[in-house]
Amino acid sequence: MSTAISISGLVKTFGPTRALDGLDLEVRTGEVHGFLGPNGAGKTTTLRILLGLLRSDAGRAELLGGDPWRDAVALHRRLAYVPGDVTLWPSLSGGEVIDLLGRLRGGLDPKRRVELLERFDLDPRKKARSYSKGNRQKVALIAALASDVELLLLDEPTAGLDPLMEAAFREVVADERHSGRTVLLSSHILAEVEALCDRVSIIRAGRIVESGTLAELRHLTRTSIQAELASPPDGLAALPGVHDLQVDGTRVRLQVDTAQLDEVLRHLSAAGVRGLVSQPPTLEELFLRHYQAEPAGVAR
Amino acid sequence: MTTAAPQTSAGRWPAPLGTLAGTGGLVRLILRRDRVILPLWVLVLAVLPIYTAVGIDQLYATPESLRELYGTIVATPGLLALLGPAFDATLGALTTWRAGLVFTVVALASLLTVIRHTRADEEAGRRELLGATVVGRNAPLAAVLLVVFAADLVLGALLAAGMIGVGLPATGSVALGLAVAAAGWMFAAVGAVVAQLTDGAGAARGLGLGTLGLAYLLRAAGDTAGSDSRLGSLSWLSPIGWAQQTRPYAGERWWVFGLAAGFVVVLTAAAVALLARRDVGAGVLPARLGPAEAAPSLRSPLALAWRLHRGMLAGWTAGLAVMGAVIGSVADSVNDLAGESAQLRDLLERIGGEKALSDAYISGTMVIFALAAAGYAIQATLRLRAEEEGLRAEPVLATAVGRLQWATSHLVFGLLGPAVALAAAGLAEGLVYGLVGGDVGRELPRVLAGALVQLPAVLVLAGIAMALFGLLPRLAAVSWAALATFAFLALFGPLLRLSHWVLDLAPFTHIPRLPGGAVTATPLVWLLVVTAALVAAGLAGFRRRDLVSSA
């Protein structure tokens, strides 16, 4: 079997809201698939349908060769899920929740559990009531990662983690990929997806608007640069990958494809750099540029 | 959320008020957050006794009939236990007695409001957001106490004005209004203290409700024993008892208000002192660590449900058992009271022998257990909804746990929990009643049967809750309205001479009165069939529907 998740034409409405509007998604077995989109785009709804928590109104979804609604229990033995908004039972300790969820899923690797507790620096004796958002997230992550499953469904798993823990998370997911597990990672953090994922699908307003490998989507990632130079630059406009160039005497504003960054910087430093501000584009900007009809709206 | 209000308004307060800075803004925040519920309980609790006065005035128009009513009340320990003492055969005094539950309900509302705006806010992290603005350390507590104290006073004033309006003496009306307000004040102060003790709002509510329950039980025990007996002084250990002992319309005893005021001052000071000694978010009682690994038994949805339900089960079981013991202890004395009326005694002996009056008393009070157990049945069943709404169902259902397995793990407690609690009530009542009368072997099974026979009616409420959860999850709380309606029909339906059609709607109407009455299986079987149908509909609905997380 080469596809872990295969969705076509999925529709889900909540009253007047059309949360999913003909969504197509394919996740291949053994890949880490990034599921990118702004808040409210339908990422969590998709995951909930894949978990059999919600029932789709139309379309077809297949998960590990089964029907996510009909075969929910059998499928859930083979997958683990980390919700984006982790709430736990206040009176249970973190360790108890990890063990409980692991056992309900059909077993937990005790060695891996110890290793993950250490890696994420979590005190399992504390009651869930006293955990911060990040620590609750860690509990759910450890419970999922310590389970011996084929597929991990992670819904914005790093939303509450500090940078150190985010790094630990990236290492762990990299390990998961090496051991051949399939991961569907929903996120709105582009850098995280770039660091971890083999392929990416971008969802907007309930539809997949872009899907492919990172290299294929590379054209989406541009860095915006503002520079104050010693002398007016020359030849910038002729460089490949430079967009929205504005030159005002010695001041330069431009956007550049990440692949061409090096070349542009060389040109700038040739003119003598006095000041430099460089910003990776936010996901929202990417969406705006990619989907707005008016390109002028982007240059703002 | 409306956290913006105090931030801006706190900024407009120029004078540094120290630990009370920002109180004014917080008062407005509380009024904004509770703008529906606060006026609602104030108004309802003020209007109810006024209606009661009008009702009693119509039903008992002559002094003779009032005296007769008074005689019945003081001779019926169950009524004294439930509502409190009656001090005089006047319309005002009897209205005060009839509205006796208002004292407890005001206390309850005040208690919960204080905890809601103190500990619950801290647990949810909202307090922290406010603490970072210009808000003094004591301001949140001061704000909610101000609001609740004021609400209680408004309630008292409305009540007094209404009572005067329907023609009752002004002095007694003012005393009644003050007494109701005092009950609220005292338990607002209790809420202020318990909110400092634990780090969880649930535990704080538990402590507060436990205190209120104890106060109610002490009063109930003391009032049934009568003020002449030694046990009668038990009422004086209870703040609820104090509120009633001010004796509105029956020679008001103003000095009792001094007790209440002292209680409020001492507890409020204690709360402030405790507040100064703890961190935001922490309790005075230390937070305990849990086990690093789950016990081997914690491996199924049922094991999880047991962890989540066991506290509730223990609480309801203990509460019903204590109530049973209290009623059992006074049931035997009902016979003695009837002894004073030769006619009544004669009549009762002809109907059912010497024990008939005690039996009638016991079977008549069983409906109280049934209503309490039904409340428990709803609460336990709706835990399903709470888990779903709180997003705690999701991680469980995302494991290899089926919908039915998860739903039944909680439903078990909705169905069996009330059975355990009713059994405990029956056992405790039968045991105490038997010990007092000297014949445990005979009384225990009879009383226990009287308690357990309520179960089919109780389970209907669990069924209603389950059906709503499965089919109309957003309306699950309507189960409580169903219970309130049934309770009204069961308690007041016969008094209001409602038609049988209406009375038959309440499942409690169909329960045979035991001990003493005859048992017919048919209604019990029907109630069980209805329950089974409701539960099946609920389960089937839940299997088919989406998980609905937010309202």
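Residues numbered from 1 in each chain as written. Chains lettered and ligands numbered in written order. Predicted model: local features only at pLDDT ≥ 70, side-chain atom pairs only at ≥ 80, totals over all residues.

Moving on, we come to the overall build of chain B. Looking only at helices and strands, one finds 26 helices and zero strands in chain B. Whereas a compact globule of 551 residues would reach a radius of gyration of roughly 24 Å, chain B reaches 25 Å, a difference of no more than 12%. Expressed along its principal axes, the backbone C-alpha trace of chain B runs to roughly 75 × 65 × 40 Å. Counting every position in chain B, which comprises 551 residues, the buried fraction comes to 49%. (Helix = DSSP H or I, 4+ residues; strand = E, 2+ residues; numbered from the N terminus. Rg over C-alpha atoms; globule rule 2.2 N^0.38 Å. Buried ≥ 20, exposed ≤ 12 C-beta atoms within 10 Å, placed from the backbone.)

For the rest of this paragraph, the subject is the overall build of chain A. Secondary structure assignment for chain A yields eleven helices and 13 strands. By principal-axis analysis of the C-alpha atoms, chain A measures approximately 65 × 45 × 35 Å. With 300 residues in all, chain A has 42% of them scored as buried.

What follows concerns the interface of chain B and chain A. Between chain B and chain A, the contact holds 28 residues from the first and 31 residues from the second. Elements that contribute at least two residues to the side of chain B that touches chain A include exactly α15 (301–331) and α20 (393–397) of chain B. The element best represented in the side of chain B that touches chain A is α20(B), accounting for four residues. Looking at side-chain class alone, the side of chain B that touches chain A contains 16 nonpolar, five polar and seven charged residues. (Contact = placed C-beta atoms within 7 Å. Nonpolar A, V, L, I, M, F, W, Y, C, P; charged D, E, K, R; others polar.)

Residues and elements named next belong to chain A. The buried fraction of strand β7 (residues 182–187) is high, at six of six residues. The alternating pattern of β7 places Thr182, Leu184 and Ser186 on one face and Val183, Leu185 and Ser187 on the opposite face, and all of these are buried. Of the strand pairs in this sheet, strand β3 (residues 32–36) and β7 are connected by five bridges, and their pairing is parallel. By the bridge assignment, His33 is partnered in β7 with Leu184. Sheet analysis places strand β6 (residues 151–155) next to β7, joined by five bridges and oriented parallel. In the strand pairing of β7, Asp155 is matched with Ser186. Regarding topology, helix α6 (residues 163–178) serves as the crossover connection from β6 to the parallel β7, and that connection is right-handed. (Pairing = 2+ DSSP bridges. Right-handed = clockwise from strand over helix to strand, strands pointing away.)

Residue and element names in this part refer to chain A. A sheet is described by the order of its strands in space; here six strands give the open sequence β5-β6-β7-β3-β8-β9, paired in mixed fashion. Each edge of the open sheet carries a strand with a single partner, namely β5 (79–82) and β9 (207–213). Strand-to-strand, the axes of this sheet are offset by a mean angle of 15°, without reference to chain direction. In this fold α6 packs onto β3, β6 and β7, with an angle of close to 150° to the strand it touches most, β7. (Axes fitted to C-alpha atoms, helices over the stretch in contact; angles between N-to-C directions.)

Residue and element names in this part refer to chain B. Assigned domains of chain B: these are domain 1 (4–12 + 22–276) and domain 2 (301–544). With centres defined by C-alpha atoms, the gap from domain 1 to domain 2 works out at 28 Å. Contacts between the two partners involve ten residues from domain 1, matched on the other side by twelve residues from domain 2. Listing elements by their share of the side of domain 1 that touches domain 2, those giving two or more residues are α5 (77–83) and α12 (201–225). Its residues assigned to classes, the side of domain 1 that touches domain 2 comprises seven nonpolar, three polar and no charged. (Domains from an automatic or database assignment.)

Take the nonpolar core next. A:Ile142, B:Ala183, B:Leu320, B:Phe369 and B:Ala373 are the most contacted members of the largest nonpolar core, which totals 239 residues. Take this core: its biggest share by element is 18 residues, from helix α11 (residues 170–197) of chain B. Contact partners of B:Ala183, with chain neighbours within four places excluded, come to B:Phe103, B:Val106, B:Ala107, B:Pro239, B:Ile240 and B:Ala243. (Core = buried A, V, L, I, M, F, W, Y, C linked by C-beta atoms within 7 Å.)

Take the sheet that holds strand β12 (residues 251–257) of chain A next. Strand pairing within a sheet occurs via backbone hydrogen bonds; the two strands may be parallel or antiparallel. All names here are of chain A. If you walk across this open sheet you meet the four strands as β11-β12-β10-β13, and the pairing is antiparallel. Both outer strands of the open sheet, β11 (242–248) and β13 (273–279), are each paired with one neighbouring strand and no more. Each strand of the sheet is rotated relative to its neighbour by a mean of 15°, with strand direction disregarded. When β11 meets β12, the two strands line up antiparallel, connected through five bridges. The partner of Asp248 across the bridge, within β12, is Arg251. Sitting on the sheet, helix α9 (residues 261–270) is in contact with β10 (222–229), β11, β12 and β13, with an inclination near 5° to β10.

Residues and elements named next belong to chain B. Remark: helix α23 (residues 455–471) packs on helix α26 (residues 521–544), axes separated minimally by 7 Å, with the N-to-C direction vectors making an angle of 20°. Our classification of the angle between α23 and α26 gives roughly parallel. When you trace α23 past α26, the crossing you get is left-handed. (Parallel < 35°, antiparallel > 145°, perpendicular 65-115°, else oblique. Left-handed = near helix turned anticlockwise from the far one by under 90°.)

Residues and elements named next belong to chain B. For chain B, per-residue confidence averages 86 on the pLDDT scale, and residues scoring 70 or more make up 91% of the total. Here helix α1 (residues 4–11) stands out as the least confident element of chain B, with mean pLDDT 42; α23 is the most confident, with 97. Within the model, pLDDT remains below 50 along residues 1–16, and this stretch shows 32 contacts once partners closer than five positions in the same chain are excluded. (pLDDT = per-residue confidence, 0-100.)

Residues and elements named next belong to chain B. Where helix α4 (residues 63–74) contacts helix α6 (residues 91–98), the two axes come as close as 10 Å, and the packing angle between them is 35°. The crossing of α4 and α6 is left-handed. When α4 is examined against α6, the residues Leu66, Leu69, Tyr70 and Ile73 are found in contact with a partner set consisting of Leu91, Leu94 and Trp97. When the residues that make up the contact of α4 with α6 are grouped by side-chain class, the tally is seven nonpolar, no polar and no charged.

Attention now moves to the pairing of strand β8 (residues 199–204) of chain A. All names here are of chain A. One ladder, built from four bridges, connects β3 with β8; its direction is parallel. Looking across to β8, one finds that Gly34 is bridged to Val200. Where β8 lies against β9, six bridges are found, and the strand directions are antiparallel. Across the sheet, residue Ile203 finds its bridge partner in β9, namely Ile208.

Moving on, we get to unusual backbone geometry. Residue and element names in this part refer to chain B. A cis geometry characterises the amide bond from Leu514 onward to Pro515, with omega recorded as -5°. For Pro515, the position within the fold is in the loop between α25 (500–503) and α26. With phi around 65°, Tyr249 is a residue other than glycine that occupies positive phi space. Within the element layout of this structure, Tyr249 appears in the loop between α13 (239–245) and α14 (255–276).

All names here are of chain A. Mapped onto the secondary structure, Arg70 falls in the loop between β4 (58–63) and α2 (72–76). Exposure remark for Arg70: the 10 C-beta atoms within 10 Å place this residue in the exposed category. Residues Arg70 and Gly52 lie 18 residues apart in sequence; the distance between their C-alpha atoms is 7.7 Å.

All right, on to the environment of B:Ala53 then. Residue and element names in this part refer to chain B. Structurally, the position occupied by Ala53 is in helix α3 (residues 37–59). Take Ala53: there are 25 C-beta atoms within 10 Å of it, and that puts it in the buried class. Sequence separation of Ala53 and Val265 is 212 residues, and the distance between their C-alpha atoms is 33 Å. In this structure Ala53 touches Leu91, Thr95, Met163, Val166 and Leu168, once residues within four positions along its chain are discounted.

Residues and elements named next belong to chain A. Per-chain confidence: chain A averages 86 in pLDDT, with 92% of residues scoring 70 or above. Mean pLDDT across the secondary structure elements of chain A bottoms out at helix α11 (residues 296–299), with 35, and peaks at β6, with 95. Low confidence marks residues 293–300, where pLDDT is under 50. Its contacts with residues over four positions away, or in another chain, come to seven contacts.

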